[in-house]
Amino acid sequence: MDGAGVRKEIQTFMDQYYAREDGAGDGAEMYDIDSFTMVQLVLYLEDKFNIVILEELHGFSGGDFDAFAEFVAAAGQENDAA
């Protein structure tokens, strides 16, 4: 698992999540989503990659989806090492 692969899955989630609203997911940024959507995204990524992220979110200092993807990839690598 790498940041680019995670970022692709984040985009897939955003495209599916906003599919009801034509074009709403285009160019969406992390600050555009509410806390419920963030939890849905985290659960989606946990299921997709079979990793635990929610308990590690306290270590994420914020940023954009690219930074979040790198955080998730690092968390996944730590899970694999454990």
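Residues numbered from 1 in each chain as written. Predicted model: local features only at pLDDT ≥ 70, side-chain atom pairs only at ≥ 80, totals over all residues. Heavy atoms only, no water.

J.: Would you mind showing me how to read unusual backbone geometry here?
T.: Of note in the backbone geometry, Asn50 takes a positive phi value of approximately 55° without being a glycine. As for its position among the elements, Asn50 is in the loop between helix 2 (35–49) and helix 3 (65–81). The exposed category is assigned to Asn50, whose relative accessible area is 70%. (Helix = DSSP H or I, 4+ residues; strand = E, 2+ residues; numbered from the N terminus. Buried < 20%, exposed > 50% of the residue type's maximum accessible area, 1.4 Å probe, protein only.)

J.: Hey, could you run me through helix 1 (residues 3–17) in this one?
T.: A turn of α-helix holds 3.6 residues, and therefore any two residues three or four places apart point the same way. In this model, helix 1 (15 residues) spans 21 Å end to end at C-alpha, consistent with the 21 Å of a helix rising 1.5 Å per residue. All of the buried residues in helix 1 are Gly3, Val6, Glu9, Ile10, Phe13 and Met14. Angular distribution of buried residues about the axis of helix 1 spans 140°; they occupy a single face of the element. The exposed residues of helix 1 that point more than 90 degrees off its buried face are Ala4, Lys8 and Gln16. (Expected span 1.5 Å × (residues − 1). Arc of directions from axis to C-beta.)

J.: What am I meant to see in the confidence of the model for the chain here?
T.: The predicted coordinates should not be examined in detail at positions where pLDDT is low. Residues of the chain with pLDDT of at least 70 account for 85%, and the chain-wide mean is 85. Helix 2 holds the highest mean pLDDT among the elements of the chain, 93, whereas helix 3 holds the lowest, 85. (pLDDT = per-residue confidence, 0-100.)

J.: Teacher, can you tell me more about the side chain of Glu46 here?
T.: Within the secondary structure layout, Glu46 lies in helix 2. Of the side chains with opposite charge, Lys48 lies nearest to the buried Glu46, which makes no salt bridge, at 15 Å. Those residues in contact with Glu46 that sit more than four places away from it in its chain are Ile51, Val52, Ile53, Leu54 and Glu55. (Lys, Arg positive; Asp, Glu negative; His and termini not counted. Salt bridge = Lys/Arg side-chain N within 4 Å of Asp/Glu carboxyl O. Contact = heavy atoms within 4.5 Å.)

J.: Looking at this model, I keep getting lost on a nonpolar patch on the surface. Mind explaining?
T.: A contiguous nonpolar surface patch, about 220 Å² in accessible area, is contributed by Val39, Leu43 and Leu54. Within the element layout of this structure, Leu43 appears in helix 2. (Patch = residues over 30% accessible without salt bridge, like charges linked within 9 Å, V, L, I, M, F, W, Y side chains within 5 Å. Areas by Shrake-Rupley, 256 points an atom, 1.4 Å probe, with all protein chains shown as cover.)

J.: Explain the packing of helix 1 against helix 2 to me, please; I cannot follow it from the model alone.
T.: Helix-helix packing: each pair is described by the crossing angle between the helix axes and the interaxial distance. Interaxial distance between helix 1 and helix 2 falls to 10 Å at its minimum, and their mutual angle equals 130°. Considering their axes alone, helix 1 and helix 2 lie oblique with respect to each other. In this structure, helix 1 meets helix 2 at a crossing whose hand is right-handed. Contacts between helix 1 and helix 2 involve Gly5, Val6, Glu9, Ile10, Thr12, Phe13, Gln16 and Tyr17 from the former and Phe36, Thr37, Gln40, Leu41, Tyr44, Leu45, Lys48 and Phe49 from the latter. (Axes fitted to C-alpha atoms, helices over the stretch in contact; angles between N-to-C directions. Parallel < 35°, antiparallel > 145°, perpendicular 65-115°, else oblique. Left-handed = near helix turned anticlockwise from the far one by under 90°.)

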